[in-house]
Amino acid sequence: NKFPSTSNDNGCTPCAMLDSETCLCDTSVVEQAVYASEPPSAESVLYRLFIGVDANMFNANNEYQVTQISDNLKAYYNTTCCDEYTVFEVTDSTTQRTWLLKNIESKVLIHDQRAPTTKFSFRNPPHFNSLTRIDWSNGVSAYETEAVLDSYFYHPNMGPFLGYRLCQRFGMSNPSPEFLSRITTAFQTGLYKSGGYTFGSGNYGDLAATVAAVVLDPEATTDYLNMDPAYGSIREPLLKVLHMMRSFDLQPFEQFPYIEFDNVDESIGEGPHAFPSIFSFFLPEFATAGPIALAGLTSPEGQVMATGNIVAMMNGLFSMASIGFTHCFNGLSRRIPGDCNRLIDGDYSGASAKFEYDPPSDLDEAMHEIFLMLTAGRISDENAAIIKSQVQDVAATDYDKAIRLAQALAVSTPEFHVTGIPSTTGVARDPSPGPKTPERP
């Protein structure tokens, strides 16, 4: 708020007010040396110098004297170090990129129109295109775009930024700072070692090393961390649907060769190739209201877990187990010809695909296999016992129907919907008071 502006307390001072929204200032550009003596470190040079030298036109051996200031910093100068003609060769220890930087800074000075003083200044912003005439044929715009992308890629925050989001997509919504530090190190060094194996090429930004750090780190592989209520994540709606499809080998019928969804981005909150914006379906920093937000944790997938989305997804999973992949009874398939009102459990006449899963003939083995495929074996003994108690009586008369029931009940367990191990409070919920009947005279 100190710079001249019509919106701050000082107004346009020391400039002239052109209109109610604009200040008109006298400016000039000056270039001056930054370091009068050897800089203290390579990091200091990278922090303060921004004007480069064309390496193809720089002949260090013939024109300059050289001083090796440190392992990753050299100074090239004519007679003395350091003046405005000095050039520093500096290597970034993080990205291993080497720069040739002039020992000058370019400033824009704002002059006081009433006195020969200069109170305000700012760095002269770099630009590739002419400010008066843009020539699209010289490729300068491409150079500027490349420079911007490089500034993002080599920014110190790139490693933590990418690592945080990779952790969330691999089922860990709240990675610890130590975990992120190890991922960042792997991203910056391009190497990660685990179990006697080395991943990565040793180059900055190597994704093999980065992803290895995400999935092989002790925080990602230690079983007891599942007991931490802050560990894991809510699973994405679409991934849960695809998980069930793949687990039980959903196969389309001959007349319907493709699996086609029907506006699932609206019904369950997420659909294939249907991002509502460039920020995907949910934000990495989103926190579900309640205990998660109060604890300072995040649950990105919770942003699409509205009540209507949850009900639609469960209806789709239940119908897929009972009557196949269909639009009937709130299924997730596109509409196909057929009478939904005549469908009963095990009737696939209104479906475009059905499960081809062949369960073991022993019910206990089949239940174990279903729990393993849908919850990775994380289902609690209590929940497994509840499902078995419901399935056993059905299996005595109709084994296939019992398997369909087990599939539907297994996807309704909390273990299917999260990547950690859910815990219960042991306290029964208060009964809902229900709607109140209005009093009438």
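This one's a predicted model, so the numbers in the text were calculated from it and none came from an experiment.

Of all hydrophobic cores here, the largest spans 36 residues; its most connected members are Val-241, Met-244, Leu-317, Met-320 and Ile-370. Of all elements in the fold, only helix 8 (237–247), helix 11 (307–323), strand 13 (353–355), helix 12 (363–375), helix 13 (381–395) and helix 14 (399–410) reach the threshold of two or more residues within this core. Discounting chain neighbours no more than four positions away, the residues touching Leu-317 are Lys-240, Val-241, Met-244, Val-411 and Phe-416. Core analysis: the next-biggest nonpolar cluster, separate from the first, contains 14 residues, Leu-180, Ala-186, Val-214 and Tyr-231 among them.

Let's shift gears to the state of the cysteines. As used here, a disulfide is simply a covalent bond connecting the sulfur atoms of two cysteines. Considering all chains together, one arrives at 4 disulfides under this definition. Note that Cys-81 is cross-linked by a disulfide to Cys-82, the S-S spacing being 2.0 Å. In terms of burial, Cys-81 and Cys-82 fall into one category: buried. In this model Cys-328 forms its disulfide with Cys-340; the gap between the sulfur atoms is 1.9 Å. Because the sign of the S-S torsion sets the handedness, a value of about -70 degrees for the bond joining Cys-328 and Cys-340 places this disulfide among the left-handed ones. Pair noted here: Cys-328 is in the loop between helix 11 and strand 13 and Cys-340 is in the loop between helix 11 and strand 13, with a separation of 12 residues, a long-range link. Cysteine pairing for the protein chain (bonded cysteines numbered in sequence order): 1-3, 2-4, 5-6, 7-8.

With that settled, consider the side chain of Gln-407. For Gln-407, the position within the fold is in helix 14. If sequence neighbours within four positions are ignored, Gln-407 has contacts with Met-244, Phe-248, Ala-321, Phe-355, Tyr-357, Ile-370 and Leu-374.

Summed over all chains, the structure comprises 9 salt bridges. The shortest N-O distance in the salt bridge between Lys-107 and Glu-105 comes to 3.9 Å. The residue Arg-404 makes a salt bridge to Asp-345 at a minimum N-O spacing of 3.2 Å. With Arg-404 in helix 14 and Asp-345 in the loop between helix 11 and strand 13, this residue pair connects regions lying 59 residues apart in the sequence. Here Asp-345 falls in the partly exposed class, since its relative accessible area comes to 32%.

Between its first and last C-alpha atoms helix 12 spans 18 Å; for 13 residues at 1.5 Å apiece the expected length is 18 Å, and the two agree. Taken together, the buried positions of helix 12 are occupied by Leu-363, Ala-366, Met-367, Ile-370, Phe-371, Leu-374 and Thr-375. Looking straight down helix 12, one finds that the buried residues subtend no more than 130 degrees of arc, so they occupy a single side. Residues of helix 12 that are exposed and angled more than 90 degrees away from the buried face: Glu-365 and His-368. Along its buried surface, helix 12 packs onto helix 8, helix 13, helix 14 and helix 15 (414–417). N-cap assignment for helix 12: the residue whose side-chain oxygen lies 3.2 Å from the backbone N of Asp-364 is Asp-362. Looking at the residues trailing helix 12, positive phi occurs at Ala-376, about 55 degrees.

Cut-off values and rules
Residues numbered from 1 in each chain as written. Predicted model: local features only at pLDDT ≥ 70, side-chain atom pairs only at ≥ 80, totals over all residues. Heavy atoms only, no water. Core = buried A, V, L, I, M, F, W, Y, C linked by side-chain atoms within 4.5 Å. Buried < 20%, exposed > 50% of the residue type's maximum accessible area, 1.4 Å probe, protein only. Helix = DSSP H or I, 4+ residues; strand = E, 2+ residues; numbered from the N terminus. Contact = heavy atoms within 4.5 Å. Disulfide = S-S within 2.5 Å. Salt bridge = Lys/Arg side-chain N within 4 Å of Asp/Glu carboxyl O. Expected span 1.5 Å × (residues − 1). Arc of directions from axis to C-beta. Polar contact = N/O pair within 3.5 Å; in protein donor to acceptor, adjacent residues only side chain to side chain.

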